[in-house]
Structures are given as C-alpha cells and as structure tokens.
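# Report on the structure
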Amino acid sequence: MATNDQLLLYLKKNQGNWVSSELISNNLSVSRSAIGKHIGKLKKEGYVIESSPKKGYLFSEASDPITADEIKEGLCTKVCGKQNIIYLKETDSTNTRAKELAAHGASEGTLVIAEKQTNGRGRRGRSWFSPPGDGIYFSLILRPAISPNETPRITLMTAVVLAETLISLMKLKLRIKWPNDILVNEKKLAGILTEISTEMDAVNYIVVGLGLNVNTLFENSSQEIKKSATSILIETGNRTSRVKLIQKFLKLYEQYYDMFKKNNFEPIMNRWRQLADIIGKQIKVDVVGETHIGEVVDVDNDGVLILKDDQGKLQRIFSGDVTLARQLK
Ligand code: BTN
C-alpha cells in the first residue's frame, strides 16, 4: 500500500483523536518530514486535517472528500460507478466532461464527479450554482438499448431514485416538481439535466447529470438563489456525508435501472406520480413564449404533461416551468 494510503487509513482509524507525528512515524516507518508532505497532499484532496506542533494531527469529523477511492470503498454496485469514477477537483461541467468521455467510448456506469463546477449547467439554458465543499455534482453515463423517445423515462426514474434516497437517509418531506426537480418546502434541493446522443433511431449514450445541495448554506450566492434554493443542511440542521449519500444513490439507481431494462417501468412511474402529487391540480405552465393554464389530467409514461384547459380541451406539454395555482395568488 502506498504511504499516502497507509497514512490515510491510520488517520481515519484515529478519527477525532490527535495523533503525534512521532507515533505515526514509528507505526508507518516514515520520516516526520515525509508525513508533513503527505498530509499536505491529503488536504489538497479535500480531507480536513488539523495540525498542531505539540499535538500532531487530527483527522476531523468534517472530512468529506468525494474522491474516486472514497466512493468506491464500500460501494456495492455492479455497474454504476463500479469500473470507472473520474473525480475532478474543478471542471466547467461534469455533463460536458461525461459527454466527451462517452463519445470516446467510456463504458456504461462511468461516473464523472466534481468538487466544483465553473459552468454548471441546468435545464433551459440556466446555470447551476456549484461551489466547492458542500454540494454533489456528478454525471452518469448510460448506454441502454432503447429508442430516443424513451429517454425521458430515464430522467423520471432518476428523480424517483434521488427522492427515495433522500427519504430513506434523512426522511425528507419532498416532492418532485415536473419534470424532474426535487423540492423541499417549495424550494429547490436538486435538479437533473439529461443529455443524449442518438444515431438513426438508437441511443448512443445518455448522460444523466445531477446537482444536489447537501451542506450548502448559499452564503456567497445571489439573492435569487437564496430565495429559491435549499439544502439538506438547511432543511434538517445536520451535515450529511456526501460519500454515503452517493453510494446509497448509486446502489438504488442500479436496482431501478435493472427494472427499467426489464421493461418494468410502470411501478417506477406510479411512484413518480405519487411523489409529484400533481394530478388533479390547477397549474400554470410557462413554455417558451407561451403560458398554459389548466388542470393536470396525467403525466404519461414518457413524462408528457396532459393538461385540460377550462374549455375541456386536452394539451400535451413536453417541457416547461410549472407553477401550482395556489402559488399564483
Ligand atoms: C436543473 O435543475 O436545471 C438541472 C440542474 C443539473 C445540474 C447538474 S450538476 C452536475 C451536472 N453537470 C452540469 O453541468 N449540470 C448537471
């Protein structure tokens, strides 16, 4: 095992306790100056390690780096994140990186994850606030044997898996906002951006990008974001381990993806309908340049919103921004 890994293991075993450099040096048979260098490297990777000339080193409970090694350790999936995790300390957008990798043949289940995005992208040309340290920004490459018109199902499924992950880990009272935002107390906690490459009537690859505000406090964000966004920390008052959350999500994702590949989409969609709680509601939908008002009759298995206007006429809406009627007052 490399010295860096040995040191990390040693510090983790003593998490929360100070360990002197003399003790580390004796246990790992490395010089004290080498320890200092390795500690520096670990800090750069995102580990929080306090140093004191008298007491030595303290591996803090706040250490939560999302490196490939950390995610892989204890990850029990066969495909998602199993073979390939690409960790980037900083990138423009994990979706952009993942699309490049996919175009060069990256395998299904490849995960591209970043500590910080400088150009995190959202739906409809929006940006995604992606400061370092507190959020989760990743993109998963999938290569399902489906036709392009079935791909919205992947986004619906992703929203369900993320919702189930958050419910099971921290009992969050959330709802899915059509088509795929996760809201808590009507503020946005997470978003999904799915991008696809197709050829004739087949899918080459799908990149599922997910942004989740975990321990984010939005101190350096715009007023607009402060008003409309929330995080797990804000909602629960507790810091969450990003690594554990990612591992749980990937495990559940694989289970749902297997169901999806076996053509068993109906239960997933039913759960989506339950979590979205939109059917029968009066809404306003803004589609580029147009506004539709009416009652939601259904969201079909392809994620199309079926709206009945006050004349009783049905409309099929493929994408847009929904506002519930009770929020319009
Ligand atoms: C939205 O709600 O509009 C979708 C937001 C998706 C953000 C994620 S963060 C990781 C991935 N990379 C990006 O550039 N966007 C997605």
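Summary of the structure given here. Note that the coordinates shown come from a computational prediction; the quantities given were computed from them, not determined experimentally. (Residues numbered from 1 in each chain as written. Predicted model: local features only at pLDDT ≥ 70, side-chain atom pairs only at ≥ 80, totals over all residues. Heavy atoms only, no water.)

### Some details on the pattern of salt bridges
Counted only if it meets this: Any carboxyl oxygen of Asp or Glu that lies within 4 Å of a side-chain nitrogen of Lys or Arg is treated as forming a salt bridge with it. Where helices and strands are cited, they refer to DSSP runs of H or I of at least four residues and of E of at least two residues respectively, numbered from the N terminus. Relative accessible area decides the class of each residue, using a 1.4 Å probe on protein chains only: under 20% of the type maximum gives buried, over 50% gives exposed, and in between gives partly exposed.
Applying the stated criterion to the full structure yields 24 salt bridges. In this structure, K99 and E195 form a salt bridge, with 3.0 Å as the shortest nitrogen-oxygen distance. One end of the pair, K99, is in helix α5 (residues 94-103); the other, E195, is in strand β9 (residues 187-199), with 96 residues separating them in the sequence. Given a relative accessible area of 24%, K99 falls into the partly exposed group. The structure contains a network of salt bridges with shared partners spanning R123, R124, R126 and D321.

### Some thoughts on helix α3 (residues 32-44)
Each α-helix winds once per 3.6 residues, and so residues spaced three or four apart point in a common direction. Our working rule: In this scheme, a helix's expected span is set at 1.5 Å multiplied by one less than its residue total. In this context, the arc is that of the directions from the helix axis out to the C-beta atoms. The contact rule is simple, with two residues in contact once any of their heavy atoms fall within 4.5 Å.
With 13 residues, α3 ought to run about 18 Å at 1.5 Å a step, and its terminal C-alpha atoms sit 19 Å apart, in line with that. For α3, the full list of buried residues reads A34, I35, H38, I39 and L42. All buried residues of α3 project into a common sector of 140° when viewed along the axis, lining one side. The exposed set on the far side of α3, more than 90 degrees from its buried face, consists of S33, K37 and K44. Elements in contact with the buried residues of α3: α1 (3-13), α2 (21-28), β2 (49-52) and β3 (56-59). Note on α3: the residue one or two positions beyond its end, G46, has a positive phi of about 115°.

### Comments concerning the pairing of strand β10 (residues 202-213)
Threshold: Strand pairing is defined by DSSP finding a minimum of two bridges between the two strands.
A large share of β10 lies buried, amounting to 10 of its 12 residues. Taken together, the 8 bridges between strand β6 (residues 135-142) and β10 define a ladder with antiparallel strand orientation. Bridge pairing links L140 to V208 in β10. Sheet analysis places β9 next to β10, joined by 10 bridges and oriented antiparallel. Directly across from G191, in β10, lies its bridge partner G211. Between the end of β9 and the start of β10, which pair antiparallel, lie 2 residues, with M200 showing a positive phi angle near 50°.

### Here's the deal with the site of the ligand
Inclusion rule: The criterion for a residue being near a molecule or strand is simple. One of its heavy atoms has to lie within 4 Å of it. Between N or O atoms, a polar contact is any pair within 3.5 Å; within protein, one atom must be a potential hydrogen donor and the other a potential acceptor, and residues adjacent in sequence are included only when both atoms are from side chains. Using a 1.4 Å probe, the Shrake-Rupley method yields the accessible areas, and only the shown protein chains count as cover for residues.
Taken together, the neighbourhood of the ligand is formed by 20 residues, with S93, Q117, R121, R123 and K188 sitting nearest. Taking N95, its main chain carries an N or O atom lying 3.5 Å from a nitrogen atom of the ligand. One of the backbone N or O atoms of R121 is found 2.7 Å from a nitrogen atom in the ligand. With the chains in place, 98% of the 410 Å² that the ligand exposes on its own is no longer accessible. At the level of secondary structure, the elements contributing two or more residues to the shell around the ligand comprise α5, β6, β9 and β10. Here the shell around the ligand takes 4 residues from β9, the largest share from any one element.

All we've got here are geometric facts, nothing functional implied.
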